[in-house]
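A structural walkthrough
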Amino acid sequence: MKITIDVDDDVPLFTQLIEQIKGAVQSERIRPGDPLPSIRQLAGDLRVNNKTVAKAYQLLERDAVIQTKGYRGTFVHPDAKANSAVDLNATVVRRLRAAVDGLRAAGATDSEIRIAFGDVMRNRDTSEETA
Amino acid sequence: MTDAWLRTVIQLVFLSQVLLISYVLPRQVLARMRRIVSSYPPATHPRLYPVSLDRVAAAQRTYDRLNRAALAVGLGVAVTDRLWPNGGWVDWDNELLLIGFLLLQLAPLLVARRAGFAYFNLQRRTDPRTTRSADLRPRRLLDHVSPALLVLAGFVYAAFVLQVLLVGRHDYPWFGGNLNIVFMTGMNLFLAGVVLFALRGKRKDPYQDPADRERLMGIAVRNAVWTSIIATGFVALQIGLGALDLASLKPIALSLYFQVLALLSFRGFDIEQVNFEVYREDPVPA
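Everything quoted here is computed from the prediction, not taken from an experiment.

Okay, the overall build of chain B next. A count of helical and extended segments in chain B gives seven helices and one strand. When the helices and strands of chain B are read in sequence order from the N terminus, they spell out α-α-α-β-α-α-α-α. Taking the principal axes of its C-alpha atoms as reference, chain B extends roughly 65 × 45 × 25 Å. When contacts within chain B are restricted to residue pairs at least 6 apart in sequence, long-range pairs at least 24 apart make up 81% of them.

Turning our attention to the interface of chain B and chain A. With 14 residues of chain B in contact, the opposing surface of chain A contributes 22 residues. The biggest single contributor to the side of chain B that touches chain A is strand β1 (residues 131–135) of chain B, with five residues. Where strand β1 (residues 2–6) of chain A lies against β1(B), five bridges are found, and the strand directions are antiparallel. Of the residues in β1(B), the one forming a bridge with A:Lys2 is B:Asp135.

Attention now goes to the domain arrangement of chain A. Its domain assignment divides chain A into domain 1 (13–81) and domain 2 (88–130). Once you take the C-alpha centre of each, domain 1 of chain A and domain 2 of chain A turn out to be 31 Å apart.

We now examine the domain arrangement of chain B. Residues and elements named next belong to chain B. Taken domain by domain, chain B holds domain 1 (1–127) and domain 2 (138–245). Between the C-alpha centres of domain 1 and domain 2 there is a distance of 24 Å. At the junction of the two partners, domain 1 supplies five residues and domain 2 supplies four residues. For the side of domain 1 that touches domain 2, the class distribution of residues is one nonpolar, one polar and three charged.

Conventions and cut-offs
The numbering scheme is per chain: residues are counted from 1 as the chain's sequence reads. Chains carry letters and ligands carry numbers; both start at the beginning, A for chains and 1 for ligands, and go up in the order they are written. Where totals are concerned, whole chains, interfaces and linings use all residues; where local detail is concerned, this predicted model gives features only for residues with pLDDT of at least 70, and gives and counts side-chain atom pairs only at 80 or more. Each helix is a run of H or I in the DSSP string that is no shorter than four residues. Each strand is a run of E no shorter than two, and both are numbered from the N terminus. We call two residues in contact when the distance between their C-beta atoms, placed using the backbone, is within 7 Å. In this scheme, strands are said to pair when DSSP sees at least two bridges between them. Note: domain ranges come from an automatic or database domain assignment. Think of it as three bins: nonpolar holds Ala, Val, Leu, Ile, Met, Phe, Trp, Tyr, Cys and Pro, charged holds Asp, Glu, Lys and Arg, and polar takes everything else, Gly as well.

Written as structure tokens, this is what we have:
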């Protein structure tokens, strides 16, 4: 099962990797329980930075498309097919858009929304650090 | 065996080392390179040549000259010892002589390896394609080497450790003791690193057919395991010869060991099996 990335594409490399792996899961070219190459192997084959593949794997693991089993390696998650259909990014964008639309309807300016958004994000970070 | 006979055998084995590593094997390598250039020239396979043919020929000449220099030195040593055996010019009991000469013989190979890395680097830099592909299948050690061979390597290492511990009970002045275990463990760890690099290292040739890459990887992995078995076995043999008071045979064993390792490391795969279509401007899809 081959994956292909385009280093000149505007889409970030880690996103291309995620899309390719999710696509392979969706088309059942890789199935639950199938082993995946190590970060180093995939990065070496694609001639990209290890961190790029690590980031893609991290996000795929968060979305429960793949799972890491310690020293045994990385495998396709048992629920990968259902989970790979969920696009968390699209959900975030959809909900944010709805929130922004609501705030604009309430009369808030874009500048106020931007500042408030920044404050909320910073507060969240601060609260996490304190915790 | 008399001393004169023993010296003759040592000279013959040394001569065979000189000829094999500095003449026979390099001739084969150069013949292979020339066959590639003539069968797959830049006009039809431009991706194979990130540099001009003149530079390729210059690199071949450097490799050839270095080997000829090592050959001349080796023949000089062999002839000197044959003509003046009692002149004290050549001391076969001194292992440094054989090891030093081997390093001289390996110099052309190291230069060629370095040039090879630079060549692949240029191939990558001049690769105009923006798409890159990879297989979503993990590469594992057992894909390339049989479990029996790995068990054999482990068994030879365990037997070597046992031998060192047993010989260590006697008070031999020449015996290095547990340092032998440390040294061989270090060497085997190095070979494990070579295996890891072969399996997970960066792709060197950007155009190489995946099947060719797999085959080369298999050869590198199997060579590393065989090197571990042969090297560990050789050190065990050296210790055995010392314990049996046969130290005079050590130069023969050392030279034969170098020749076996050379044969092993030069064992590449047949270029007839290589898919050279990938080096065309518009490669034919597999």
